[in-house]
Amino acid sequence: MTPLHHGQYVHLDVLPNGDLRVSMTEDGIQDLADIHLMHPERNEDRFLIELMEDITCNSDLMFLGDISALDGGHMSQSPVIVEGWRCNDEEEPDYVDESYVHYLTNDDSRVWYWNDYAIISILEHIKRQGEAVLTLLK
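Because the structure is a prediction, the values reported are computed rather than measured. (Residues numbered from 1 in each chain as written. Predicted model: local features only at pLDDT ≥ 70, side-chain atom pairs only at ≥ 80, totals over all residues. Heavy atoms only, no water.)

**Re the overall build of the protein**
And then number 1: From N to C terminus, the protein includes four helices and seven strands.
And then number 2: When its helices and strands are written in sequence order, the protein yields β-β-β-α-α-α-β-β-β-α-β.
And then number 3: In the protein, which comprises 138 residues, the proportion classed as buried is 42%.
And then number 4: Within the protein, contacts between residues separated by at least 24 positions form 47% of all contacts whose residues are at least 6 apart in sequence.
And then number 5: Accessible area for the protein stands at about 7900 Å²; split by element, carbon and sulfur atoms hold 47% of it. (Helix = DSSP H or I, 4+ residues; strand = E, 2+ residues; numbered from the N terminus. Buried < 20%, exposed > 50% of the residue type's maximum accessible area, 1.4 Å probe, protein only. Contact = heavy atoms within 4.5 Å. Areas by Shrake-Rupley, 256 points an atom, 1.4 Å probe, with all protein chains shown as cover.)

Structural data, given as structure tokens:
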């Protein structure tokens, strides 16, 4: 296991097979409960964006609630964590002219997706199991 990023609320570790383990710190568990009390109407995966803010603001990692916002023609709505990304800029030669594509990956990017998104949210799974493992997109 290789630590990718350990933030105040969330730990991200790359497993030997390349998948990504997402776990919460004690502060993260408490803040999740507080956020949910203040905003019960919000989607739980949106909370993960807030809990990962100290990681995403200081790295090239990003959480997306829907993989279709990435290049590649993905036919899923799975939430993903992306390492190595750039904005889909019409001034760039590899611009993707599709209204739903907002981000592009690089040759060395890594994308991890939550396969069970239609069954359970990442954070609900973490609350029940203590961690969630996102699959490396190959």
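Back to the write-up after that little detour.
**Some thoughts on helix α2 (residues 44–51)**
And then number 1: Every buried residue of α2 is accounted for by Glu 44, Asp 45, Phe 47, Leu 48 and Leu 51. When α2 is viewed along its axis, its buried side chains cluster within an angular range of 145° and face the same direction.
And then number 2: In this structure, the buried residues of α2 make contact with β2 (10–14), β3 (20–24), α1 (26–38), α3 (53–56), β4 (61–64) and α4 (122–129). (Arc of directions from axis to C-beta.)

**Comments concerning the packing of α1 against α2**
And then number 1: Following both chains from N to C, one finds α1 and α2 inclined at 130°, their axes separated by 11 Å at the closest point. Relative to α2, the element α1 lies oblique. Crossing handedness for the pair α1 and α2: right-handed. Together, Gly 28, Asp 31, Leu 32, Ile 35 and His 36 of α1 and Phe 47, Glu 50 and Leu 51 of α2 make up the contact between the two elements.
And then number 2: Looking at the contact of α1 with α2 residue by residue, the classes come out as four nonpolar, two polar and two charged. (Axes fitted to C-alpha atoms, helices over the stretch in contact; angles between N-to-C directions. Parallel < 35°, antiparallel > 145°, perpendicular 65-115°, else oblique. Left-handed = near helix turned anticlockwise from the far one by under 90°. Nonpolar A, V, L, I, M, F, W, Y, C, P; charged D, E, K, R; others polar.)

**Topic: the nonpolar core**
And then number 1: Membership of the largest hydrophobic core comes to 27 residues, with the highest contact counts inside it found for Val 10, Leu 12, Leu 20, Ile 81 and Trp 112.
And then number 2: Counting only elements with at least two residues in this core, the list comes to β2, β3, α1, α2, β4, α4 and β7 (131–136).
And then number 3: With residues near it in sequence (within four places) discarded, Leu 20 still touches Leu 4, Leu 12, Asp 13, Val 14, Ile 81, Trp 112, Ala 132, Val 133 and Leu 134.
And then number 4: Met 62, Ile 67, Leu 70 and Val 82 belong to the second-largest nonpolar core, a separate cluster that totals seven residues. (Core = buried A, V, L, I, M, F, W, Y, C linked by side-chain atoms within 4.5 Å.)

**Brief notes about the side chain of Asp 13**
And then number 1: Looking at where Asp 13 falls in the secondary structure, it is placed in strand β2.
And then number 2: No salt bridge is formed by the buried Asp 13; its nearest oppositely charged neighbour, Arg 21, is found at 4.0 Å.
And then number 3: Within polar-contact distance, the side chain of Asp 13 engages the side chain of His 6 at 2.7 Å. (Lys, Arg positive; Asp, Glu negative; His and termini not counted. Salt bridge = Lys/Arg side-chain N within 4 Å of Asp/Glu carboxyl O. Polar contact = N/O pair within 3.5 Å; in protein donor to acceptor, adjacent residues only side chain to side chain.)

**Considerations on the confidence of the model for the protein**
And then number 1: Mean pLDDT for the protein: 80, with 76% of residues reaching 70 or above.
And then number 2: Averaged pLDDT values for the elements of the protein fall to 73 in strand β1 (residues 2–6) and rise to 95 in β7. (pLDDT = per-residue confidence, 0-100.)

**Notes on the pairing of β3**
And then number 1: Burial analysis of β3 places five of its five residues in the buried class, the great majority of the element.
And then number 2: What you see with β3 is no split at all: Leu 20, Val 22 and Met 24 on one side and Arg 21 and Ser 23 on the other are buried throughout.
And then number 3: Sheet analysis places β2 next to β3, joined by five bridges and oriented antiparallel. Across the sheet, the residue bridging to Val 10 is Met 24, located in β3.
And then number 4: If you look at the hairpin formed by β2 and β3, you'll find five residues sitting between the two strands, and Gly 18 has a positive phi there, around 95°.
And then number 5: Summarising the sheet, β3 and β7 pair through four bridges and their orientation is antiparallel. Its bridge partner lying in β7, Ser 23 is registered against Glu 131. (Pairing = 2+ DSSP bridges.)

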